[in-house]
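Chain by chain, the residues run as shown.
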Amino acid sequence: MSSLLIRIVFFISAGFLSSAAMANTLHYEAPLHQASWQAQGSPLVCRLSHEIGFYGSAEFVRYAGRQMYLSVNVDQGGPRDGKARLRARPAAWQHGLAEQNLGAVAYRGGRDPFRFSRKQVKRILASLEQGMRPALYYHSGADGIEVVLSSMKFRDGLADFRRCMASLIPVDYASASDSRILFGIGDTLLDKQAKYRLDAIAAFVVSDPDIKQVEIQGYSDNVGTRGDNYALSRQRAVAVREYLLGRKVPAEMIKFDYYGEHKPLKSNRSAAGRAANRRVEVKLQK
């Protein structure tokens, strides 16, 4: 066989294999006329969602006091353990803009299989804002899978999403549900930091219908008489209760108590220990 004939056979075979590979790649992306990003939320959580036809959905999510994450949900269950390639592809009108390699993404089975790093989440959001099309590539059995996030109408949804995030409660529930409000020596006044924390607690109570009770417990150090400390712990607890009532926490939800110098959190032998004991504990119960 001549060298020319060998070359012809090689190129024909290569073209056939390339076509076969393309035929085994399943492409999922929202059609242009249906693509959109919808923002919704509350002071507790914000979401920016995008439907991917015949595949599932993508959703940027941020809870109060937490970092934003990206969830790609698969309607029929995700691929088994492995790694996907993540790339940001330029749109058809972005001439001269190169494709960006955003790294590998680990995946495992289930409806929410992909585990994006925080850096990848930020880069995906930034590429969508620039009009690019982030895409995941992986294999499922003999088929290649390509999942593309459309940037159509992304900026409209992103604007609403950012407004929602700006109104989120600044601390997470785990922190707010078990809080300590500290006081100075002989003091019953709430400082700026205490009010900041109580504002967050009140916002959770008002926004989350699952919260059923707010427990307030006042304490003191052992400086002074027991009677004086008992009264001081009550005044501190009252200050916290009145502040929460002023922030629209229903009175019937508040359970109120005070213990003076009893039940110290730390030893009263040191200044640091006494400072920790001059406190009101606020606990949220669901």
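Residues numbered from 1 in each chain as written. Predicted model: local features only at pLDDT ≥ 70, side-chain atom pairs only at ≥ 80, totals over all residues. Heavy atoms only, no water.

Asks: Which residues make up unusual backbone geometry, and what values do they have?
Replies: Even without being glycine, Lys-248 reaches a positive phi, approximately 70°. Lys-248 sits in the exposed class, given a relative accessible area of 71%. Notably, Lys-263 is not glycine yet its phi reads approximately 55°, a positive angle. Relative to the helices and strands, Lys-263 is located in the loop between β13 (254–258) and α7 (271–277). (Buried < 20%, exposed > 50% of the residue type's maximum accessible area, 1.4 Å probe, protein only. Helix = DSSP H or I, 4+ residues; strand = E, 2+ residues; numbered from the N terminus.)

Asks: Can you lay out the sheet that holds strand β8 (residues 114–115) for me, pointing to particular residues and giving the numbers?
Replies: Spatial strand order, β1-β10-β9-β6-β7-β8: six strands in an open sheet with mixed pairing. Two strands bound the open sheet, and with one partner strand each, they are β1 (25–28) and β8. Note: strand β7 (residues 100–107) against β8, two bridges, orientation antiparallel. If you follow Tyr-107 over to β8, its bridge partner there is Phe-114. The strands touched by helix α2 (residues 118–129) are β6 (82–89), β7, β8 and β9 (133–140); relative to β7, the strand with the most contacts, the crossing angle is about 135°. (Pairing = 2+ DSSP bridges. Contact = heavy atoms within 4.5 Å. Axes fitted to C-alpha atoms, helices over the stretch in contact; angles between N-to-C directions.)

Asks: Can you break down the sheet that holds strand β12 (residues 213–218) residue by residue, with the values?
Replies: With mixed pairing, four strands are arranged side by side in an open sheet as β11-β14-β12-β13. Taken across any chain shown, the strands that pair with only one partner, and hence form the sheet edges, are β11 (178–182) and β13. Adjacent strand axes in the sheet meet at a mean angle of 15° when their direction is disregarded. Bridge count for β12 against strand β14 (residues 279–285) is six bridges, and the pairing is antiparallel. Bridging from a neighbouring strand, Ile-216 pairs with Val-282 of β14. Contacting β12, β13 and β14, helix α6 (residues 226–246) runs over the sheet at an angle of about 160° to β13.

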